[in-house]
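# A look at the structure
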Amino acid sequence: MSAGNLKLCLRIVDSSYPRPMTIWSDKRHGGDFEKELAQLRAAKIRIDNSPKYTLVEWAAIYDCSNGMEHGPEILQFTLLRGEWHQHQGR
């Protein structure tokens, strides 16, 4: 069950895990899209800066506000491009 409406999935460079790491936005934001988005972007930066991990190779933020586990992708980050790219529809 999701806590918020947005979900961040990401993969670390040289990760041995078969699936991406998943982080849900906090319920405390009450469905505020901008606050949830800022929280997940900050989470990606914290992981990039953590000595526990290497850099984030790929990340995507999904809009799961319709109660779906995997909603439409709204933003994607790839290390190759080095920045977030927004998808149409938002």
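Here, residues in each chain are numbered from 1, in the same order as that chain's written sequence. Note on the predicted model: pLDDT of at least 70 is required for a residue's local features to be given, and 80 or more for side-chain atom pairs to be given and counted; whole-chain, interface and lining totals, by contrast, use all residues. The side-chain figures draw on all heavy atoms in the structure; neither hydrogens nor water molecules are used.

Quick reminder: α-helices carry 3.6 residues per turn. Residues three or four places apart thus point the same way. When the terminal C-alpha atoms of helix H1 (residues 33–49) are compared, their 25 Å separation across 17 residues agrees well with the 24 Å that a helix rising 1.5 Å per residue should span. Under the scheme applied here, a residue whose accessible area is under 20% of the maximum for its type counts as buried, over 50% as exposed, and between as partly exposed, the area being computed with a 1.4 Å probe on protein chains only. Strands here mean DSSP runs of E at least two residues long; helices mean DSSP runs of H or I at least four residues long; both are numbered from the N terminus. Restricting attention to buried positions, one finds in H1 the residues Glu36, Leu37, Gln39, Leu40, Ala43, Lys44, Ile47 and Asp48. Only heavy atoms matter for contacts: two residues are in contact if any of them lie within 4.5 Å across the pair. The elements touched by buried residues of H1 are strand S1 (6–12), strand S2 (21–24), strand S3 (56–63), strand S4 (73–78) and strand S5 (83–86). N-cap assignment for H1: the residue whose side-chain oxygen lies 3.1 Å from the backbone N of glutamate 34 is aspartate 32. To estimate how far a helix should extend, the number of its residues minus one is multiplied by 1.5 Å. As used in this structure description, the phrase polar contact means that two N or O atoms lie within 3.5 Å; if the pair is within protein, one of them must be able to donate a hydrogen and the other to accept it, and residues adjacent in sequence are counted only when both atoms belong to side chains.

Attention now moves to the layout of surface pockets. Size it by volume and the largest pocket reaches roughly 180 Å³. Lining the largest pocket are 13 residues, with Ile12, Ser15, Tyr17, Met21 and Tyr53 sitting closest to its centre. In terms of residue count, the dominant contributor to the lining of the largest pocket is S1 (3 residues). Tallied by class, residues from the lining of the largest pocket come to 7 nonpolar, 3 polar and 3 charged. Think of a 1 Å grid over the protein atoms and nothing else: a 1.4 Å probe that fits but is trapped marks a cavity, an open set flanked by protein within 12 Å on at least five of seven lines marks a pocket, and residues with an atom within 4 Å of a point count as lining. Grid points are joined across faces, edges and corners, and a volume is the space filled by probe spheres set on the points. Asp, Glu, Lys and Arg are counted as charged, while Ala, Val, Leu, Ile, Met, Phe, Trp, Tyr, Cys and Pro are counted as nonpolar; the rest, among them Gly, fall into the polar class.

All right, on to the packing of aromatic side chains then. For Phe, Tyr and Trp, rings pair up if their centres lie within 6.5 Å, where Trp contributes its six-membered ring, and each pair is then called stacked (planes under 30 degrees apart), edge-to-face (over 60) or tilted (otherwise). Using the criterion set out here, one finds 1 aromatic pair in the structure. Note on phenylalanine 77 and tryptophan 84: the rings are 5.8 Å apart at their centroids and 55° apart in plane angle, and the pair reads as tilted. Here phenylalanine 77 matches tryptophan 84 in class, with each residue buried. Working rule: Lys NZ or Arg CZ, within 6 Å of ring centre, within 35 degrees of ring normal, means a charge sits over the ring. Just above the ring of tyrosine 62 sits the side chain of lysine 7; from NZ or CZ to the centre is 5.9 Å. Seen from the ring of phenylalanine 77, lysine 44 lies directly overhead, with NZ or CZ sitting 3.8 Å from the centre.

Attention now goes to the side chain of lysine 44. One can find lysine 44 in helix H1. Side-chain polar atoms of lysine 44 contact the side chain of aspartate 48, separated by 2.3 Å. Apart from residues lying up to four places away in sequence, lysine 44 is in contact with Leu8, Val56, Ala59, Phe77 and Trp84.

What follows concerns the environment of arginine 19. Its location among the elements puts arginine 19 in the loop between S1 and S2. Of the residues examined, arginine 19 reaches a relative accessible area of 68% and is grouped as exposed. Separated by 10 residues in sequence, arginine 19 and cysteine 9 have C-alpha atoms that sit 9.1 Å apart.

It is worth stressing that arrangement in space is one thing and function is another; only the former is reported here.
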